[in-house]
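Listed here are the chains, written in short residue letters.
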Amino acid sequence: MAHESPAPETSERLDAPDVLEAVRAWLPERRWFPTTADATSVVRVSRTDLGTDEHGAHAVVDLLRVAGTSSSSPLTLQVPLVLEPAGTPPAAVDARGLVAVLSDGSRLLDGAYHPAFVSAWLERATWAEGSGAAGGESSSALSPARFDVRGLHVLTGEQSNTSILLPSVSGGSMLKVIRALAPGQNPDIVVPLALTREGWGGVPAPYAWSETAVDEGAVVGGGPAAGENAAAAPTALPRTWTTHTGVLAELVPQARDGFELACDFAREGQPFANPARELGTQVAQMHSALRRAFASEVHEADPEWLLDAMHRRVRSAAGASTAVRSRVDQIEAFLEHMRGVAEEAVRQGRPLPPVQRIHGDLHLGQALYSPQKGWRILDFEGEPLRPLAERTRPDLGERDVAGMLRSFDYASAVGGATSSEWARSARRAFLEGYTGYLSVPGALGFGRPPSLADRVLIRDAFELDKALYEVVYEERNRPSWISIPLDAVDRVLSGLPTPLTSADAGRPGRGA
Ligand SMILES: Nc1ncnc2c1ncn2[C@@H]1O[C@H](COP(=O)(O)OP(=O)(O)O)[C@@H](O)[C@H]1O
Ligand SMILES: O=P(O)(O)O[C@H]1O[C@H](CO)[C@@H](O[C@H]2O[C@H](CO)[C@@H](O)[C@H](O)[C@H]2O)[C@H](O)[C@H]1O
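Cut-off values and rules
Residues numbered from 1 in each chain as written. Chains lettered and ligands numbered in written order. Predicted model: local features only at pLDDT ≥ 70, side-chain atom pairs only at ≥ 80, totals over all residues. Heavy atoms only, no water. UniProt positions renumbered as here; feature names shortened; annotations may be inferred. Helix = DSSP H or I, 4+ residues; strand = E, 2+ residues; numbered from the N terminus. Buried < 20%, exposed > 50% of the residue type's maximum accessible area, 1.4 Å probe, protein only. Contact = heavy atoms within 4.5 Å. Areas by Shrake-Rupley, 256 points an atom, 1.4 Å probe, with all protein chains shown as cover. Phe/Tyr/Trp six-rings, centres within 6.5 Å; stacked < 30°, edge-to-face > 60°. Lys NZ or Arg CZ within 6 Å of the ring centre and 35° of its normal. Near = heavy atom within 4 Å. Polar contact = N/O pair within 3.5 Å; in protein donor to acceptor, adjacent residues only side chain to side chain. Nonpolar A, V, L, I, M, F, W, Y, C, P; charged D, E, K, R; others polar. Core = buried A, V, L, I, M, F, W, Y, C linked by side-chain atoms within 4.5 Å. Pairing = 2+ DSSP bridges. Axes fitted to C-alpha atoms, helices over the stretch in contact; angles between N-to-C directions. 1 Å grid on protein atoms, 1.4 Å probe; cavity = no way out; pocket = protein on both sides within 12 Å on 5 of 7 lines; lining within 4 Å. Points joined across faces, edges and corners; volume = space filled by probe spheres on them. Left-handed = near helix turned anticlockwise from the far one by under 90°. Salt bridge = Lys/Arg side-chain N within 4 Å of Asp/Glu carboxyl O. Parallel < 35°, antiparallel > 145°, perpendicular 65-115°, else oblique.

Naming follows an unreviewed UniProt entry, where the protein chain appears as Maltokinase of Sanguibacter biliveldensis. Reading the Pathway (unreviewed entry) entry of the UniProt record for the protein chain gives the comment "Glycan biosynthesis; glycogen biosynthesis."

In structure tokens form, the structure reads like this:
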């Protein structure tokens, strides 16, 4: 699709105040619109003009500054838009992509649904070098000359960004339009790229990506309905900053979301042990590849640092949730017990495993299962409720392991498993797959491994940490699910076992 220089009439039309008004009215219903944002205060920070296509559809990318509610600072959202002027042939765009029909009959569309935006994005993107990353495709398959955006389809579901399926681009690919932008490199692009370059095929290979520079000094203006201070840059932002705005990655064929798959198994009373074991191996390989790809981040774990960070997270969860607040003394006591055990283990020459780059928000919904390719891991952006700086900090791989274990619990509850054995066998198999791979000589090079009892305690602590995060997440997003993580918090606090292997059942001081 050829892109021509911007047409003055449509540029002017896109500048009219009713366009921003229409976007303001449409935004709050988007799944990706942050719950912490205030939709009444939206202004435009910048606009990139992508030109018109051969049908006269004019694509732009707006960055909008949305004020946060009292506690959060303003956010920057990426909103690609396409204007189809009245009288031009409308593209065959999914009805979900319509923002508004404007007073003069022109149609304003979400660019993610429109070939004019998607083609322009593909033409302007930075493409990965070579073709090895593309799972054996020839380099010509990656060539921008081969774009064919027919069949583009925006995925539905619980997403913080917008994912667009492009069945005919590069042999099948997925374009992710990042919605909430933050300064710096996006780990969801940088990490899969590094892993792919490292030769690990467990992530969809990134084919291309886009970046933008934001000049806070050149805010275009907010229009009459904008809040007074909405355009002001959050104090934490530099005057100019760059960030990733999108990524095109290999399509995982016939992918099934891991959480939906596990829920189906639970619903049908089918054991999930085999897929869980394969997933455990995949996660262990991911940790091993992350270590190699981010070798400079590997260093000895400091139990003090770990425990202090956990205490901080407990305080923050208690501040946000009354359910956590009412349990805070027990939680602190549990962590203090763990501090004693960790210090003793270090004294006896059994250090914690080193910290390294990890996934950071691993759960079944971040894993895709393909009958042809097995498990693929997605979404390296870390936990969305955490401050950015915390999300990519080196950490123990156990955080990811605990995240996945928590997910089996969720799948059991949501899928309606009739016996607790369903989750137990999935957990056991996952851990067998994980530790089985790590016992391969040189797989992770942990040095002297922590004892089984230490490992179980570390795991319980990370499960508790994740479950507390989940309590806050569910309170904010799905209050009717809150009992799922809350039961796990109480289980860990009561010292009830979550047996992992038969050997674990006899671990000291934590019941049989
Ligand atoms: N490469 C891919 N191949 C197939 N499906 C994918 C691919 N990447 C993402 N998806 C689908 O898109 C969904 C959202 O992707 P994700 O990266 O988790 O987005 P978000 O950041 O919006 O949460 C996934 O659950 C999966 O169903
Ligand atoms: O996928 P995101 O990065 O947006 O992660 C957030 O949302 C997840 C839910 O969509 C949430 O995951 C929790 O619910 C899952 C089931 O929907 C379950 O499998 C996970 O174990 C559980 O943590 C995740 O915590 C949150 O960060």
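From this point, the discussion proceeds with the structure in view.
A. Fine view of the overall build of the protein chain. Per the secondary structure count, the protein chain includes 14 helices and 15 strands. Looking at the 512 residues of the protein chain, the share that counts as buried comes to 54%. Residue pairs at least 24 apart in sequence account for 72% of intrachain contacts in the protein chain once pairs closer than 6 positions are excluded. Accessible area for the protein chain stands at about 21100 Å²; split by element, carbon and sulfur atoms hold 53% of it.

B. Examining the packing of aromatic side chains more closely. Summed over all chains, the structure comprises 9 aromatic pairs. Plain terms: the ring middles of Phe 265 and Phe 272 are 5.1 Å apart, the flat faces sit at 80° to each other, and that makes the pair edge-to-face. Residue Phe 265 is classed as buried on the basis of its relative accessible area of 17%. Both rings, one in Tyr 469 and one in Tyr 473, keep their centres 6.5 Å apart while their planes meet at 20°; by these two values the pair is stacked. Note that Tyr 469 and Tyr 473 are positioned in helix 13 (residues 452–477) at a spacing of 4 residues, about one turn of the helix. Each member of the pair Tyr 469 and Tyr 473 is classed as buried. Taken together, Phe 265, Phe 272, Phe 408, Trp 422 and Phe 430 form an aromatic cluster joined through their ring pairs. The side chain of Arg 179 reaches across the aromatic face of Trp 32, ending 3.9 Å from its centre. Positioned over the ring face of Phe 294 is Arg 357, at 4.4 Å from the centre of the ring.

C. Inspection of the site of ligand 2 at higher detail. Contacts to ligand 2 come from 14 residues, most closely from Asp 361, Ser 407, Tyr 469, Glu 470 and Arg 478. For ligand 2, an oxygen atom lies 3.2 Å from a polar atom in the side chain of His 363. Expressed as a share of its isolated accessible area of 530 Å², the protein-covered part of ligand 2 is 92%. Elements with a minimum of two residues in the shell around ligand 2: helix 11 (398–415) and helix 13. Classifying every residue of the shell around ligand 2 by side-chain character gives 6 nonpolar, 3 polar and 5 charged.

D. Molecular detail of the nonpolar core. Counting residues in hydrophobic clusters, the biggest one holds 43 residues, and the most contacted among them are Phe 272, Leu 279, Leu 364, Met 404, Phe 408, Trp 422 and Phe 430. With residues up to four places along the chain from it excluded, the contact list for Phe 272 reads Gly 258, Leu 261, Ala 262, Phe 265, Leu 364, Trp 375, Phe 408, Trp 422 and Ala 426. Counting 32 residues, the second largest nonpolar core, distinct from the first, contains Ala 318, Met 338, Leu 464 and Val 492.

E. Inspection of the site of ligand 1 at higher detail. Around ligand 1 sit 17 residues in total, of which Ser 160, Asn 161, Lys 176, Glu 250 and Val 252 are the nearest. Note that an oxygen atom of ligand 1 is positioned 2.8 Å from one of the side-chain N or O atoms of Asn 161. In the model, an oxygen atom of ligand 1 is placed 3.2 Å from a nitrogen or oxygen of the Asp 379 side chain. Its free accessible area being 550 Å², ligand 1 has 86% of it covered by the protein chains. Here the shell around ligand 1 is built from residues that sort into 7 nonpolar, 5 polar and 5 charged.

F. Expanded view of the sheet that holds strand 14 (residues 367–370). The strand order 13-14-15 describes an open sheet built from 3 strands, whose pairing is antiparallel. Single-partner strands in this sheet number two, and they are strand 13 (256–257) and strand 15 (374–377). One ladder, built from 2 bridges, connects strand 13 with strand 14; its direction is antiparallel. Within the sheet, the bridge partner assigned to Arg 256 lies in strand 14 and is Tyr 369. Sheet contacts for helix 6 (residues 273–293): strand 14 and strand 15; angle to strand 15, the most-contacted strand, approximately 45°.

G. Quick peek at empty space enclosed by the protein. In this structure the tally under the stated criterion is 1 cavity of 30 Å³ or more. Of the pockets and cavities examined, the largest cavity occupies roughly 80 Å³. At the level of secondary structure, the elements contributing two or more residues to the lining of the largest cavity comprise helix 9 (328–347) and helix 13. Take the lining of the largest cavity: its biggest share by element is 5 residues, from helix 9.

H. Helix 14 (residues 483–493), seen in detail. Buried within helix 14 are the following residues: Ile 484, Pro 485, Leu 486, Ala 488, Val 489, Val 492 and Leu 493. Of the residues trailing helix 14, Gly 495 is marked for its positive phi of about 75°.

I. Expanded view of the environment of Val 401. Within the secondary structure, Val 401 sits in helix 11. Val 401 sits in the buried class, given a relative accessible area of 0%. Setting aside anything within four residues of it in sequence, one finds Val 401 in contact with Phe 430, Leu 431, Tyr 434 and Arg 459.

J. Structural view of the packing of helix 6 against helix 12 (residues 421–438). Running from amino to carboxyl end, helix 6 crosses helix 12 at an angle of 35°, the nearest separation of the two axes being 7 Å. Once helix 6 is placed against helix 12, the crossing between them reads as right-handed. Of the residues in helix 12, those touching helix 6 at Ala 273, Ala 276, Arg 277, Leu 279, Gly 280, Thr 281, Val 283, Ala 284, Gln 285, His 287 and Ser 288 are Ser 425, Ala 426, Ala 429, Phe 430, Glu 432, Gly 433, Tyr 434, Tyr 437 and Leu 438. The class makeup of the residues in the contact of helix 6 with helix 12 is 11 nonpolar, 7 polar and 2 charged.

K. The arrangement of the pattern of salt bridges in detail. For the coordinates displayed, the defined rule picks out 38 salt bridges. Glu 297 is the salt-bridge partner of Arg 357, the closest N and O atoms lying 3.0 Å from each other. One end of the pair, Arg 357, is in the loop between helix 9 and strand 14; the other, Glu 297, is in the loop between helix 6 and helix 7 (303–320), and 60 residues separate them in sequence. In this structure, Glu 470 engages Arg 406 in a salt bridge whose closest nitrogen and oxygen atoms are separated by 2.8 Å. Note that Glu 470 is positioned in helix 13 and Arg 406 in helix 11, a separation of 64 residues in sequence. Assigned by exposure class, Glu 470 and Arg 406 land together as buried. Here the residues in one salt-bridge network are Asp 15, Arg 44, Arg 47 and Asp 62, joined through shared partners.

L. Main features of the packing of helix 11 against helix 12. As a packed pair, helix 11 and helix 12 sit with axes 9 Å apart at the nearest point and diverge in direction by 155°. Considering their axes alone, helix 11 and helix 12 lie roughly antiparallel with respect to each other. Remark: the crossing between helix 11 and helix 12 carries right-handed chirality. Listed contacts from helix 12 to Val 401, Met 404, Leu 405, Phe 408, Ala 411 and Ser 412 of helix 11 are Trp 422, Ala 423, Ala 426, Arg 427, Phe 430, Leu 431 and Tyr 434. Split by residue class, the contact of helix 11 with helix 12 holds 11 nonpolar, 1 polar and 1 charged.

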